[in-house]
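Each chain, letter by letter, is given below.
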Amino acid sequence: MSYIAENIREVEAKVTAAAQRSGRKREDILLLAVSKTQPVEVIRQAVGCGLTSLGENKVQEIMDKYEPMGEGVHWHLIGHLQTNKVKYIIDKVDMIHSVESLKLAEEIEKRAAAKGLIMDILVEVNMAEEESKFGITPKNAEEFIRELAKKEHIRVRGLMTVAPFVENSEENREYFRQMKQLQVDINAKKIDNVVMDVLSMGMTGDYEVAIEEGATVVRVGTGIFGERDYSNRGK
Ligand SMILES: *Cc1c(COP(=O)(O)O)cnc(C)c1O
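Residues numbered from 1 in each chain as written. Predicted model: local features only at pLDDT ≥ 70, side-chain atom pairs only at ≥ 80, totals over all residues. Heavy atoms only, no water.

1. A closer look at the packing of aromatic side chains
- Applying the stated criterion to the full structure yields zero aromatic pairs.
- Seen from the ring of Y66, K92 lies directly overhead, with NZ or CZ sitting 5.3 Å from the centre. (Phe/Tyr/Trp six-rings, centres within 6.5 Å; stacked < 30°, edge-to-face > 60°. Lys NZ or Arg CZ within 6 Å of the ring centre and 35° of its normal.)

Structure follows, in structure tokens:
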């Protein structure tokens, strides 16, 4: 078995166990394979193991890999998205996880309308209010979502967060719990056109804790592909 197949088997077992601990089924959680910096030959191994949903944080990488990977895979944009690059990915990705400004939302609305599609998006929340991170503050989330809800070609599917980098994943449990609570609170407002059923949270270091606290999408890169080699980027 390849190292990727072995890694996936291990991650799958942990996802399943964490789902059970939170009283949910494995099928209720999407394991998103974060394929940034990985070449298509390597990504194909993960797809061959059944991981057909791929997360990238750079528009350029999606554009480079889109044709070679072909049909049957689902791309998710998980990193910061510049307004001027929306047009390149609007008809290539299933979901944009990183919507955190009205300017970006307006551009998504415009480009989605031009293509006659409705874009599924997540609102990126900077739950720990770290200065180095993108995302809106939890306090501004409801107002922001009310604005997004008015846009005909955007469907707000949920919330996403990039939790702090910590040695012990337990340190992030409280942030994941607050994310779940924010989702519940906003859903309770019954905003027109907004049914948030997606919580994208948890990475290699903390996806088990995130699932225990309600994640429906975990974004795992290193745990599947091993350490990233950034010197290959762009080749
Ligand atoms: C790189 C990245 C991940 C995956 O990180 P790992 O620690 O390698 O699992 C998840 N989410 C985002 C937004 C990323 O940029």
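On we go.
2. Let's talk about the environment of V220
- Within the element layout of this structure, V220 appears in strand β8 (residues 217-220).
- The class for V220 is buried, based on a relative accessible area of 0%.
- Each C-alpha atom of the pair V220 and T16 lies 14 Å from the other, and the pair is 204 residues apart in sequence.
- Not counting chain neighbours up to four residues away, the residues in contact with V220 comprise L31, L32, A33, V34, T204 and Y207. (Helix = DSSP H or I, 4+ residues; strand = E, 2+ residues; numbered from the N terminus. Buried < 20%, exposed > 50% of the residue type's maximum accessible area, 1.4 Å probe, protein only. Contact = heavy atoms within 4.5 Å.)

3. Concerning unusual backbone geometry
- Here E129, not a glycine, exhibits a phi torsion of approximately 50 degrees, which is positive.
- Although it is not a glycine, N193 sits at a positive phi angle of roughly 75 degrees.
- With respect to the element layout, N193 can be found in the loop between α7 (173-188) and β7 (198-200).
- Exposure remark for N193: the relative accessible area of 61% places this residue in the exposed category.

4. Focus on the site of the ligand
- Taken together, V34, K36, N57, I78, V162, M203, T204, R219, V220, G221, T222 and R228 are the residues near the ligand.
- Between the ligand and T204 there is a distance of 2.4 Å, counted from an oxygen atom to a side-chain nitrogen or oxygen.
- Here an oxygen atom of the ligand and a backbone polar atom of G221 are 2.8 Å apart.
- Burial of the ligand by the protein amounts to 88% of the accessible area it has alone, namely 390 Å².
- Of the residues assigned to the shell around the ligand, the class counts are five nonpolar, four polar and three charged. (Near = heavy atom within 4 Å. Polar contact = N/O pair within 3.5 Å; in protein donor to acceptor, adjacent residues only side chain to side chain. Areas by Shrake-Rupley, 256 points an atom, 1.4 Å probe, with all protein chains shown as cover. Nonpolar A, V, L, I, M, F, W, Y, C, P; charged D, E, K, R; others polar.)

5. Comments concerning the environment of Y230
- Relative to the elements of secondary structure, Y230 occurs in the segment after α9 (222-225).
- Between the alpha carbons of Y230 and K36 there is a distance of 9.3 Å; along the sequence they are 194 residues apart.
- Residue contacts for Y230: discarding those within four places in its chain leaves K36 and T37.
- A distance of 2.9 Å separates a polar atom in the side chain of Y230 from a polar atom in the side chain of R228.

Function cannot be inferred from these measures alone, as they are strictly geometric.
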